[in-house]
Structure formats: C-alpha cells, structure tokens
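Chain by chain, the residues:
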Amino acid sequence: MTENLRRDVWEGMIGADMRYRYFDRLAARAKITDDTLHVLLFIASGTTAAGVLGLFTFGAPALAVAAAVLAAATATLHFGQRASKFAEFSVFWGRVHADYRRLWDEMEAYAIPQEVAVARLGVLQERPESIDRQASTTRTRRRLLLECFEEATAMATAR
C-alpha cells in the first residue's frame, strides 16, 4: 500500500469519526433545548391559565407574554426537527467511519489488493456529498468541531 493511500484512508477515518461525534453532540444539544422549551412552555401556559381563572394573580400578564414568546420560539426554531436531522447525520457518519475503519484494518492486515483499496476509498470519498450539502445549511460550531477532532484523533491513535 502506498503512503498516500494509507494517509488518505487514515484522514478519512478520523474525519468521519469527528463528524459522527460532532453531529451526535449537536443532536443532543438540540434535543435538550427542545425539551427545555416545551417544559417551560407547559409551566408558563399552565400558570397563565391559572391566572385567567383567577387562581393565581401575581405576574399573570408577564407569564402570558412568556408563554406566547415560548410558543413562538418552539414553533419557529424547530429544535426537535434539528435534533432529528443531526441524529440522521450522526448515524450516516458513524456508518462511513465504520467503513473507513474496516478498510484500514483490511489494509493493515494486507487482506486486500491495493487496487481494491483505492476503489473502495473512491466510493467512500463520494458518499458524503449529499449529506454535506444538507449539513452546510447549519452554522458550524468551530470549538465543538475542534473538540470532536481531538477526540477522534485520540481514539484513532489509541488503536
């Protein structure tokens, strides 16, 4: 196996692991935010209803405004949909990472000819194109991406 081929597979493996971790964390954050907004909306709405019924009068107008703002935020920011989208991206990248790792292991064991490894690498490099287009609509969190890169690199070198 050529050094360039080994480097490309190694870098692809780390990059896929990094993206898997990154989108997994984004999904978890979006889910927590969505759940928090829904709980706060439930509390604010319930308290507002109690205020309308006269059971609770202190701060009822402010709670009504808070409930309206939370309802608008929940309806427009779509954190639940984001969480699902990021989870799909994470699963996709997890599969790509597994394929890179399998290719790496087969190359290390000299279990496949170089031509087969080159062909499989080509397929692996083309797979992310559609998912990258979809993911490009979200803002990149550079610090989180760097953390995920460092973790992926540490995991790869620990093997």
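About the thresholds
- Residues numbered from 1 in each chain as written.
- Predicted model: local features only at pLDDT ≥ 70, side-chain atom pairs only at ≥ 80, totals over all residues.
- Heavy atoms only, no water.
- Phe/Tyr/Trp six-rings, centres within 6.5 Å; stacked < 30°, edge-to-face > 60°.
- Buried < 20%, exposed > 50% of the residue type's maximum accessible area, 1.4 Å probe, protein only.
- Lys NZ or Arg CZ within 6 Å of the ring centre and 35° of its normal.
- Helix = DSSP H or I, 4+ residues; strand = E, 2+ residues; numbered from the N terminus.

Asks: Outline the packing of aromatic side chains, supporting the account with residue identities and numerical values.
Replies: Under the definition given, this model contains 6 aromatic pairs. Measuring from centroid to centroid gives 5.2 Å for Tyr 22 and Phe 23, while their planes differ by 70°, and the two rings are edge-to-face. By relative accessible area, Tyr 22 is classed as buried at 5%. Judged by relative accessible area, which is 6%, Phe 23 ranks as buried. Ring pairing ties together the aromatic residues Tyr 22, Phe 23, Phe 86 and Phe 89, which thus form one cluster. Residue placement shows Arg 19 over the ring face of Trp 93; its charged tip is 4.9 Å from the ring centre.

Asks: Residue-level account of the environment of Gln 81, with values.
Replies: Structurally, the position occupied by Gln 81 is in helix α3 (residues 79–108). With a relative accessible area of 54%, Gln 81 lands in the exposed category.

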